[in-house]
Amino acid sequence: QVQLVESGGGLVQAGGSLRLSCAASRRTFSTNPMGWFRQAPGKEREFVAASSWSGGFTSYADSVKGRFSISRDNAKNTVYLQMSSLKPEDTAVYYCAARSSGSYYYTGVDEYDYWGQGTQVTVSS
């Protein structure tokens with residue numbers, strides 16, 4: 001079992017930056033591919049960014065490429081999402097997700113086994 005706790009969300013003006021963190025309880029975190037997803041009101045949960053267990057492979061949704069960056073510190077059991085040049089359409093609840101195993105990155109909601117509780121990001125215009 002893996003418990004995930006997100007932090008770092010908040011209210012920011014358009015053009016600003018935020019860094020989300022996701023702390024994992026499992027001491028074998030370094031073997032888990034990780035992902036970030038988001039869900040806006042009335043919309044389905046969508047992929048944002050993903051990392052392989054090593055951090056050597058990453059993937060991003062087209063809507064965030066060049067603005068968001070996923071990274072991980074396996075020694076701290078933590079994955080990060082650095083968000084820059086934020087836009088009002090980035091407003092959503094952001095979720096961290098972990099997959100039990102795998103050697104690459106994964107972009108589908110149903111490819112992940114564990115989810116955090118979410119953290120709200122609101123970007124004002």
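Above this text you will find the structure in question.
Residues numbered from 1 in each chain as written. Predicted model: local features only at pLDDT ≥ 70, side-chain atom pairs only at ≥ 80, totals over all residues. Heavy atoms only, no water.

J.: What should I look at first to understand the environment of Y105 in this one?
T.: Within the secondary structure, Y105 is located in the loop between β9 (92-98) and β10 (114-115). Y105 sits in the partly exposed class, given a relative accessible area of 23%. In contact with Y105, not counting residues within four places along its chain, are A50, S51, S52, F57, T58 and S59. (Helix = DSSP H or I, 4+ residues; strand = E, 2+ residues; numbered from the N terminus. Buried < 20%, exposed > 50% of the residue type's maximum accessible area, 1.4 Å probe, protein only. Contact = heavy atoms within 4.5 Å.)

J.: Teacher, can you tell me more about the state of the cysteines here?
T.: As used in these notes, a disulfide is a covalent bond between sulfur atoms, one from each of two cysteines. This structure, assessed with the given rule, holds one disulfide. The disulfide partner of C22 is C96, and the gap between their sulfur atoms is 2.0 Å. Since a negative S-S torsion denotes a left-handed disulfide, the C22-C96 link at about -75° is left-handed. Here the residue C22 occupies a position in strand β3 (residues 18-24), and C96 occupies one in strand β9, the gap between them amounting to 74 residues. (Disulfide = S-S within 2.5 Å.)

J.: Honestly, the packing of aromatic side chains in this entry has me stumped. Any pointers?
T.: Each aromatic ring pair is specified by the distance between its two centres and by the angle formed by the two planes. Across all of its chains, the model carries six aromatic pairs by this definition. Ring plane angle 25° and centroid distance 4.4 Å describe the contact between Y104 and Y105, whose orientation is recorded as stacked. Geometrically, the ring pair formed by Y112 and W115 is edge-to-face, given 6.3 Å between the ring centres and 65° between the ring planes. Given the relative accessible area of 6%, Y112 is considered buried. Put simply, the rings of F37, F47, Y112 and W115 touch in pairs and so form one group of aromatic residues. Of note, R45 hangs over the ring of W115, and the distance from its end group to the ring centre comes to 4.9 Å. The ring of Y106 carries the charged tip of R99 above its face, separated from the ring centre by 3.9 Å. (Phe/Tyr/Trp six-rings, centres within 6.5 Å; stacked < 30°, edge-to-face > 60°. Lys NZ or Arg CZ within 6 Å of the ring centre and 35° of its normal.)

J.: Sorry if this is basic, but what is going on with the pairing of strand β4 (residues 34-39) here?
T.: Within a regular beta strand, the side chains point alternately toward one face of the sheet and then the other, so they alternate between its two faces. Judged by how many residues are buried, β4 sits mostly within the fold: five of six residues are covered. Here five bridges tie β4 to strand β5 (residues 46-51), and the two strands are oriented antiparallel to one another. Its bridge partner being in β5, W36 is matched across the sheet by A49. Two successive antiparallel strands, β4 and β5, enclose a turn made up of six residues, where G42 displays a positive phi of approximately 80°. Where β4 and β9 come together, six bridges link them in antiparallel fashion. For G35, the partnering residue across the bridge sits in β9 and is A97. (Pairing = 2+ DSSP bridges.)

These values are about where atoms sit, not about what they do.
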